[in-house]
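Remarks on the overall topology
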Amino acid sequence: MDIPIIYSPAHLRHSPQFEIFEGEKIPHAEKKERIEEIKKTLIQKGYKTFVSSKSFPITHITKIHQKSYIEFIRQKSNSLKDVNFELYPSYYSMDTYTPILRGTFDAAKQSVDVALTGASLIQKGKKIAYGLCRPPGHHADSNIMGGYCYFNNAAVAADYLSLHGRVAILDIDFHHGNGTQHIFYERSDVFYVSLHVDPTVKFPYISGFSDETGIGKGKGFTKNFPLPLGTAENTYYKTLKKAISHIKKFNPDYLVVSLGFDTFENDPIGGFKLSIPFYRTIGKEMSYLNTPTLLIQEGGYAVSSLGEMAHFILKGLSL
Ligand code: OKP
Ligand code: ZN
């Protein structure tokens, strides 16, 4: 119950109403209520240690993202007068799901601050910290936004921790973290391991296949476990155990978890069949690594169930 849960209210000002899917405007899945729901439920469950994010220098972000890309998001965001206007950028973008609004830069910057605040707590000796990051980050590459992501929160936090030890990133969002994978693809000090849906059938389509294992010095330090649409708990469990055994062999000093709840059976955009209590099992498997663990919120769109899943993950992890 004394697990620090890091939060910033800045995310509320990034609230896209629509995404463009095959030319049609549809309601945006990445709603601000997601994080508010998690926070509310964890308070109800008795968690007490809520921490406001601290502001970190932008230099932490420039180590991961191109300066011109960061400036592009800042200038586009700040140039918008109407808070409801949604700009679909034609540069630095991979899709039509990731608009820039007036509040986007501040929200995305503070989402990284949430992650870094968690990273600094872990680095100072906390065993577990949970960053309620929003917008999410794992699709964001050095100079590309997409999949509702602008800055790669997990990547910036992992890079920060890598100055103090070996870092493993376990990405259990339903979607492949193409941005995180690419950012660390040639590095051997940060091991990226991901379980996700087969990219031939779901976003981001371009990466997440099992033959992607890193290049150069990074060869062998990326590992992908694509799973078929409809994957249920037994298969997921076996695959998770395999993924975690690879992390154990890597022997990290820090574990960063890209935590998506879109693997839930009732997620509106997912397609796996995990029940709410199964998240306790996931948390427990992660706890066997016995490594300081930073949870970074990624996706998960079944808004009213997100708090329960968060609670079960924390329960499993701290048992
Ligand atoms: C972000 B994260 C459905 C098509 C849009 C984009 C998925 C982005 C997921 N309307 N798909 O990894 O949860
Ligand atoms: Zn996802």
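Residues numbered from 1 in each chain as written. Chains lettered and ligands numbered in written order. Predicted model: local features only at pLDDT ≥ 70, side-chain atom pairs only at ≥ 80, totals over all residues. Heavy atoms only, no water.

**A word on the overall build of the protein chain**
Counting secondary structure elements, the protein chain contains nine helices and 10 strands. In summary, the protein chain has a C-alpha radius of gyration of 18 Å against a globular reference of 20 Å for 319 residues, a match within 12%. Principal-axis analysis of the C-alpha atoms gives the protein chain an extent of 50 × 50 × 40 Å. The 319 residues of the protein chain split such that 59% are buried. Partitioning the intrachain contacts of the protein chain with sequence separation of at least 6 by distance along the chain shows that 78% fall at a separation of at least 24. Summed over all atoms, the accessible surface of the protein chain reaches about 12,500 Å², with 54% contributed by carbon and sulfur. Computed over 36 positive and 31 negative side-chain charges, the separation of the two mean positions in the protein chain equals 7 Å. (Helix = DSSP H or I, 4+ residues; strand = E, 2+ residues; numbered from the N terminus. Rg over C-alpha atoms; globule rule 2.2 N^0.38 Å. Buried < 20%, exposed > 50% of the residue type's maximum accessible area, 1.4 Å probe, protein only. Contact = heavy atoms within 4.5 Å. Areas by Shrake-Rupley, 256 points an atom, 1.4 Å probe, with all protein chains shown as cover. Lys, Arg positive; Asp, Glu negative; His and termini not counted. Charge placed at Lys NZ, Arg CZ, Asp CG, Glu CD.)

**Topic: the coordination of the zinc ion (ligand 2)**
Here the zinc ion (ligand 2) is held by the protein donor atoms Asp-173 (OD), His-175 (ND1) and Asp-262 (OD), which lie 1.9 to 2.1 Å from it. Going along the chain, you hit the donors of the zinc ion (ligand 2) in the pattern D-x1-H-x86-D. One end of the pair, His-175, is in the loop between strand E6 (167-171) and helix H6 (178-183); the other, Asp-262, is in the loop between strand E9 (254-259) and helix H8 (278-287), and 87 residues separate them in sequence. Asp-262 shares its class with His-175; the two are buried. (Donors = N, O, S within 2.8 Å, 3.2 Å for Na, K, Ca; no water.)

**Observations regarding the environment of Lys-67**
Considering the arrangement of structural elements, one finds Lys-67 in helix H3 (residues 67-79). Distance in space between the C-alpha atoms of Lys-67 and Asn-143 is 8.6 Å, their sequence separation being 76 residues.

**Description of empty space enclosed by the protein**
Tallied over the entire structure, the rule returns two cavities of 30 Å³ or more. In this structure, the largest cavity spans a volume of roughly 40 Å³. Together, Ser-8, Ala-10, His-11, Ala-107, Gln-110, Ser-111, Val-114, Leu-132, Cys-133 and Arg-134 line the largest cavity. Tallied by class, residues from the lining of the largest cavity come to five nonpolar, four polar and one charged. (1 Å grid on protein atoms, 1.4 Å probe; cavity = no way out; pocket = protein on both sides within 12 Å on 5 of 7 lines; lining within 4 Å. Points joined across faces, edges and corners; volume = space filled by probe spheres on them. Nonpolar A, V, L, I, M, F, W, Y, C, P; charged D, E, K, R; others polar.)

**What to know about the layout of surface pockets**
Estimated volume of the largest pocket: approximately 410 Å³. Lining the largest pocket are 18 residues, and of these Glu-19, Phe-21, Tyr-148, His-175 and Ile-269 sit closest to its centre. Those elements giving two or more residues to the lining of the largest pocket turn out to be strand E2 (18-21) and strand E3 (24-27). Looking at the lining of the largest pocket, its residues break down into 12 nonpolar, three polar and three charged. By volume, the second largest pocket amounts to about 180 Å³. What lines the second largest pocket is Leu-12, Arg-13, Ser-15, Gln-17, Lys-32, Asn-78, Val-83, Asn-84, Leu-101, Arg-102, Gly-103 and Asp-106. Counted by class, the lining of the second largest pocket contains three nonpolar, five polar and four charged residues.

**Brief notes about the pairing of E9**
E9 sits mainly inside the fold: six of its six residues count as buried. Because side chains alternate across E9, one face comprises the buried residues Tyr-254, Val-256 and Ser-258, and the other comprises Leu-255, Val-257 and Leu-259, equally buried. Relative to E9, E6 runs parallel, the two being bridged by five bridges. Bridge pairing in E9 places Leu-170 opposite Val-257. Note that the unit made of E9, H8 and strand E10 (residues 293-297) has a crossover that is right-handed. (Pairing = 2+ DSSP bridges. Right-handed = clockwise from strand over helix to strand, strands pointing away.)

**A few points about H8**
Among the 10 residues that make up H8, seven are buried, leaving the element largely enclosed by the rest of the structure. Of the positions making up H8, those classed as buried are Phe-278, Tyr-279, Ile-282, Gly-283, Glu-285, Met-286 and Ser-287. Buried residues along H8 sit against E6, helix H7 (233-250), E9, E10 and helix H9 (306-318).

**Structural notes on the sheet that holds strand E8 (residues 222-227)**
As summarised here, the arrangement of the eight strands in space is E4-E1-E5-E10-E9-E6-E7-E8, forming an open sheet in which the pairing is parallel. Sheet topology places strand E4 (50-52) and E8 at the edges, where each strand pairs with a single neighbour. Neighbour-to-neighbour, the strand axes of the sheet open up by a mean angle of 20°, direction not taken into account. The strands touched by helix H1 (residues 33-44) are strand E1 (5-7), E4, strand E5 (128-131) and E10; relative to E1, the strand with the most contacts, the crossing angle is about 140°. (Axes fitted to C-alpha atoms, helices over the stretch in contact; angles between N-to-C directions.)

**Observations concerning the packing of aromatic side chains**
Inspection of every chain in the model, using the stated rule, returns 17 aromatic pairs. Ring centres of Phe-221 and Phe-250 lie 6.0 Å apart, and the angle between their planes is 70°; this geometry places the pair in the edge-to-face category. Of this pair, Phe-221 sits in the loop between strand E7 (190-197) and E8 while Phe-250 sits in helix H7, placing them 29 residues apart in sequence. The buried category is assigned to Phe-250, whose relative accessible area is 6%. An aromatic cluster is built from Tyr-69, Phe-72, Tyr-91, Tyr-92, Phe-105 and Phe-151, whose rings are joined through pairwise contacts. (Phe/Tyr/Trp six-rings, centres within 6.5 Å; stacked < 30°, edge-to-face > 60°.)

On their own, these measurements won't tell you what the molecule is for.
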